[in-house]
Amino acid sequence: MHAHYGAGGDGGGSRHPTPSPGDAGLYFLGPLHELVAVGLHRPALEALCAGQRDLEEPPIDRAYLLKILDEEISRQFGQPLRPLVELVLNAADAARAPQPVVEVTVADGRVDVCDTGAGMGLRAILSRLLIPFATDKRPGIDLGRFGVGFFSVLGFGLAHPESFSLQLTTGDGVEGWAIRVVAWSGDDEACAADEPAAEEPGRARGRASVELTSALMCSVRRIAPLLGTRVRVTSAQLEAIAVRAYLRDALHFFPASRALVLLDGAALNDGRLISGGQLIEEPIAHRAGRAPGSARGPVGEARGGPVGEARGGPVGEARGGPVGEARGGPVGEARGDGLLARFHLGGRGLLPSISAATFHAGVKVDACLALAELALIDFPGVVELTEGRDALKVGPEFTEVAAAFHRRLIQLAVARGEGRRARDRLAEVAAQISALMLQSAGWDEVAKDVAAALLGPGRCMVTAERREALLGFLGPSVAERLFVPESFWAEREWQPHLPGERELLEEELDFDPPETLSTLARRRADLAGIPLLLARAPNPHTTLVALCRSRPLPGAAGSAAAARGIPGALPLPRVAERRPAGPLPCLGTRRLLLIRDDSAAVRRPAGWSDWYALRAAFDRASGVREADLERDLIVGEPVDDAASAALGAGIWTSGGEP
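Rules used throughout
Residues numbered from 1 in each chain as written. Predicted model: local features only at pLDDT ≥ 70, side-chain atom pairs only at ≥ 80, totals over all residues. Heavy atoms only, no water. Helix = DSSP H or I, 4+ residues; strand = E, 2+ residues; numbered from the N terminus. Buried < 20%, exposed > 50% of the residue type's maximum accessible area, 1.4 Å probe, protein only. Contact = heavy atoms within 4.5 Å. Areas by Shrake-Rupley, 256 points an atom, 1.4 Å probe, with all protein chains shown as cover. Expected span 1.5 Å × (residues − 1). Polar contact = N/O pair within 3.5 Å; in protein donor to acceptor, adjacent residues only side chain to side chain. Pairing = 2+ DSSP bridges. Axes fitted to C-alpha atoms, helices over the stretch in contact; angles between N-to-C directions. Phe/Tyr/Trp six-rings, centres within 6.5 Å; stacked < 30°, edge-to-face > 60°. Lys NZ or Arg CZ within 6 Å of the ring centre and 35° of its normal. Core = buried A, V, L, I, M, F, W, Y, C linked by side-chain atoms within 4.5 Å. Salt bridge = Lys/Arg side-chain N within 4 Å of Asp/Glu carboxyl O. pLDDT = per-residue confidence, 0-100. Parallel < 35°, antiparallel > 145°, perpendicular 65-115°, else oblique.

## Section: the overall build of the protein
Within the protein one finds 23 helices and 23 strands. Across the 658 residues of the protein, 51% fall into the buried class. Taking the intrachain contacts of the protein between residues at least 6 apart in sequence as the baseline, contacts between residues at least 24 apart amount to 71%. When the accessible surface of the protein is split by element, carbon and sulfur atoms take 54% of a total near 29,700 Å².

## A short note on the environment of leucine 553
Looking at the secondary structure, you find leucine 553 in the loop between β21 (544–550) and α19 (560–564). Linking leucine 553 and glutamate 508, residues 45 residues apart in sequence, is a C-alpha distance of 9.3 Å.

## Thoughts on unusual backbone geometry
Negative phi values dominate among residues other than glycine, just as trans dominates among peptide bonds. Even without being glycine, aspartate 264 reaches a positive phi, approximately 50 degrees. Relative to the assigned elements, aspartate 264 resides in the loop between β8 (260–263) and β9 (266–267). If you check the backbone angles, serine 440 has positive phi at about 65 degrees while not being a glycine. Relative to the assigned elements, serine 440 resides in the loop between α12 (420–436) and α13 (443–455). By relative accessible area, serine 440 is classed as partly exposed at 27%.

## Quick look at helix α3 (residues 62–74)
The first and last C-alpha atoms of α3 sit 18 Å apart over 13 residues, in line with the 18 Å expected at 1.5 Å per residue. Of all the residues in α3, the buried ones are Arg62, Leu65, Leu66, Leu69, Asp70, Glu72, Ile73 and Ser74. Where α3 begins, the capping side chain belongs to aspartate 61, and its oxygen is found 3.0 Å from the backbone nitrogen of alanine 63.

## A short note on the sheet that holds strand β6 (residues 216–223)
In spatial order, the strands read β1-β6-β5-β4-β7-β3-β2-β8-β9; together these nine strands make up an open sheet with mixed pairing. Every other strand in the sheet has two partners, leaving β1 (26–31) and β9 as the edge strands with one partner each. Here strand β5 (residues 176–183) runs beside β6; their pairing, made up of eight bridges, is antiparallel. Note that in β6 the partner of arginine 180 across the bridge is serine 219. Contacting β1 and β6, helix α1 (residues 32–40) runs over the sheet at an angle of about 120 degrees to β1.

## Some points on the side chain of serine 518
Relative to the elements of secondary structure, serine 518 occurs in helix α17 (residues 517–523). Among the polar contacts listed, one links the side chain of serine 518 to the side chain of threonine 516, at a separation of 3.3 Å. Of note is the side chain of serine 518, whose polar atom sits 3.2 Å from the side chain of histidine 541. The contact partners of serine 518, leaving out residues within four places of it in the chain, are Leu534, Pro540 and His541.

## A short note on the packing of aromatic side chains
Inspection of the entire model under this criterion finds eight aromatic pairs. Note on phenylalanine 379 and phenylalanine 398: the rings are 4.7 Å apart at their centroids and 15 degrees apart in plane angle, and the pair reads as stacked. Residue phenylalanine 379 is located in strand β16 (residues 375–379), and its partner phenylalanine 398 is located in helix α11 (residues 396–416); the two are separated by 19 residues in the primary sequence. The same class applies to phenylalanine 379 as to phenylalanine 398, namely buried. Cluster of aromatic residues (ring-pair linked, three or more members): Trp443, Phe483 and Trp494. Directly above the ring of phenylalanine 253 sits arginine 342, whose terminal nitrogen or CZ lies 4.2 Å from the centroid. In this structure, arginine 596 is placed above the aromatic ring of phenylalanine 473, and the distance from its NZ or CZ to the ring centre is 5.6 Å.

## Let's talk about the nonpolar core
Among the nonpolar cores identified, the biggest contains 76 residues, and Val104, Leu154 and Leu247 are the most heavily contacted of them. The leading source of residues in this core is helix α4 (residues 82–94), at seven residues. Excluding its chain neighbours within four sequence positions, the residues that come into contact with valine 104 are Val88, Val111, Asp112, Val113, Leu247, Val261, Leu262, Leu263 and Asp264. Ranked by size, the runner-up nonpolar core spans 48 residues in total, among them Ala341, Leu385, Phe405 and Ala453.

## Observations regarding the pattern of salt bridges
When the charged atoms of two side chains lie near each other, side chains of opposite charge can form a pair. Following the criterion strictly, the structure yields 36 salt bridges and no others. Where arginine 123 meets glutamate 46, a salt bridge forms, and the shortest distance between an N and an O atom there is 2.8 Å. You can see arginine 123 sitting in helix α5 (residues 122–129) and its partner glutamate 46 sitting in helix α2 (residues 42–49), a full 77 residues away along the chain. The exposure class assigned to arginine 123 is partly exposed, which follows from its relative accessible area of 42%. Relative accessible area serves as the criterion here: at 30%, glutamate 46 is assigned to the partly exposed category.

## Side note on the confidence of the model for the protein
Detailed reading of the predicted coordinates is not advisable wherever pLDDT is low. Per-residue confidence for the protein gives a mean pLDDT of 78; residues scoring 70 or more make up 74%. Between residues 558–564, whose pLDDT stays under 50, and residues either more than four places distant or in other chains, the model counts eight contacts.

## Some remarks on the packing of α1 against α2
At a minimum axis separation of 5 Å, α1 and α2 run at an interaxial angle of 105 degrees. Relative to α2, the element α1 is oriented roughly perpendicular. Where α1 approaches α2, its residues Leu35, Val38, Gly39 and Leu40 are matched on the opposing element by Arg42, Ala44, Leu45 and Leu48.

Set out below in structure tokens:
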């Protein structure tokens, strides 16, 4: 093995020289993977912790160990700076004070993360810190759960080995230890292997990556006892401006009750980076059908203004302690049968990078720049991360939080008495958030409730390009029934849950059976506008059409005598009242062309406006391009008094046919 030294010994192993007197506190010096092998082998671990000079060679396959370490170091996160956030999460987990503080200091090429929480002794370092997936994190409570934070930071060493170093000093109040890791190559051949990784930071995989992993050198020294942990990462990849921007973006919504994060002395997560809106804490049912009871109404309601504003300080202050305190534990901790999620709705981010996003315990995993509205969702820690650790795994808890978020939108709209326009906008935003941020989780469960509360009864979804045609065909009275999504995502989410154009037409109109246009012209000679449509059709014998008209209004007509209140009077014949037709007499659908026989332009056209309505509506319904239609109307055939008179007399010259 490589050199191992006891605390007061004169050497460690017969194959290495004795250290200098200044190295009396050196416990280990050699490749990092050899120290990991010691942590995996109980006899070697016990011997090193006891300060023995000679260690038994751990019987572990080094090639397989290097492969595992390389995967854990180089394939952690898609965002290259995410390991820095992992350091903050580890520091927050270690903190045990009522209001813990994590200090982050950034400079070009260097980042320091410090906490004064529970540090580690040598045994914890060897058995937890240095062993992938070996963790003492509490599921659903602690933020880190994979035991990969330390190894993810080592990825900077693979990406740019020449400038990398990791220095960790930690102690549990009884011991103090310093660990240093550098990327070192002992010969020119190894250095040559480093160059491609330095030029291509994202490439650190495969054979060259394993070689770099094997070249990570580590030293472990005993130092004076201390309490807490300090981690310093040095790398040319750490540009101060980019690091600060990323940390603000990723941690501004981190629960202050877990830890107040200071970036270069300024608080990141006390609410000052968000202006306006409303912070809500929501009890969530956990793996059971029981609702999370709360007889005092929605948590956090009526707390408008910036997060934490007008409440005397950080999030949750002036309510008896940090968020979650005096209520059974930290944010995300199970409280009986429930979990606690946090939502921030409305307002705006004071930095360009702060956008609508989902979070896991305060760490952004999915950003959404497509949403103008600020919508932040903090999932309880029990929601699992995917294997790639850059996204949340959709499961029962994830779905419950997503559904609760949309129900909260409903409650806010109802409580504030929002008008039709505002509710339509909320319905749009809810669908966008479902598609873009929440992977449609929980949407099927709440979509009907959202539609009933925000859109109201009888609303039908139509696309933007069909809105004007439908209004022209059915008349302006149906405008209140139309819901037009603004985005593709909202259209996709709402389509399975709202009636559409077909249902709208069937509810508004009575239809005759489909027939060809030529058959209709022979059958309904009383409709003076049909001959013009016949002349416009390329092939009237194959053009499928259907006559339609407005349905009678419910309870529309009654006895005139009854209306006058005359006793014993016989009722007059009921005359059904119908909504007037719109200005466009024709509408194209996927199957056929609809013609309104209650339109004045179809029954008895008179004047240029009826001629224009018939011709333009029929051409549009037949699929003629708008540019061709307008050009034909403007330059194809002049309209004068004689043409108008011929129109009124039923003499048709349009299209070159009598």
